[in-house]
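The chain contents come next:
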Amino acid sequence: AMAAFVGYCVQSNIHFPWPMMTDGTPFPSTELGPEAQWDAIPAAAKWQIIIVLGALEIWDEASGGQQGEGQHYMKGGTPGKYPSFQLFRDQVHSV
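Owing to the predicted nature of the structure, the values given are computational and were not obtained by experimental measurement.

Enquirer: Before we go on, may I ask you to explain the layout of surface pockets in this structure?
Expert: Over the atoms rolls a probe the size of a water molecule, and its path tells where empty space is left. A volume near 370 Å³ is recorded for the largest pocket. Every residue lining the largest pocket is counted, 16 residues in all, and those nearest its centre are Gln11, Phe16, Phe27, Pro28 and Ile41. Counting only elements with at least two residues in the lining of the largest pocket, the list comes to α1 (2-13), α2 (34-40) and α3 (43-62). Looking at the lining of the largest pocket residue by residue, the class counts come to 11 nonpolar, five polar and no charged.

Enquirer: Hey, could you run me through the packing of aromatic side chains in this one?
Expert: Aromatic rings considered in pairs are described by the distance between their centres and by the relative angle of their planes. What the rule picks out here adds up to two aromatic pairs. Measuring from ring centre to ring centre gives 5.0 Å for Phe16 and Trp18, while their planes differ by 25°; the resulting arrangement is stacked. Take Phe16: its relative accessible area is 36%, and that puts it in the partly exposed class. An aromatic cluster of three or more residues is present, and its members are Phe16, Trp18 and Phe27.

Calculation notes
Residues numbered from 1 in each chain as written. Predicted model: local features only at pLDDT ≥ 70, side-chain atom pairs only at ≥ 80, totals over all residues. Heavy atoms only, no water. 1 Å grid on protein atoms, 1.4 Å probe; cavity = no way out; pocket = protein on both sides within 12 Å on 5 of 7 lines; lining within 4 Å. Points joined across faces, edges and corners; volume = space filled by probe spheres on them. Helix = DSSP H or I, 4+ residues; strand = E, 2+ residues; numbered from the N terminus. Nonpolar A, V, L, I, M, F, W, Y, C, P; charged D, E, K, R; others polar. Phe/Tyr/Trp six-rings, centres within 6.5 Å; stacked < 30°, edge-to-face > 60°. Buried < 20%, exposed > 50% of the residue type's maximum accessible area, 1.4 Å probe, protein only.

What follows is the structure, encoded as C-alpha cells:
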C-alpha cells in the first residue's frame, strides 16, 4: 500500500521531459489524474508494463526455493526476498 501511495504521488506531480514513445509522443500531463494518465498512454505501453510485471511474478512463483535461495514466502521464507536471475543467465541469456 505504501508503494502504491508513493507511485500515485509521483505520477500526479512529476512529468518526465523526454518522449514516452519513439515517435515523440510525450508522457501524459500532470494536470490529469493517475487514472486519466493510464487511459492516455498507448495500449502497447500498457501491455509492456503488464507483461514485464507478469513475467517477474511468474519467475518469483516458479522458482520459489528451487535455486537454493531459501523457501517460498508462503512456506516460511522471507517476504520480499526475490530469487536470483543466475539460472536465467546461465541457461537462456548471457546478459
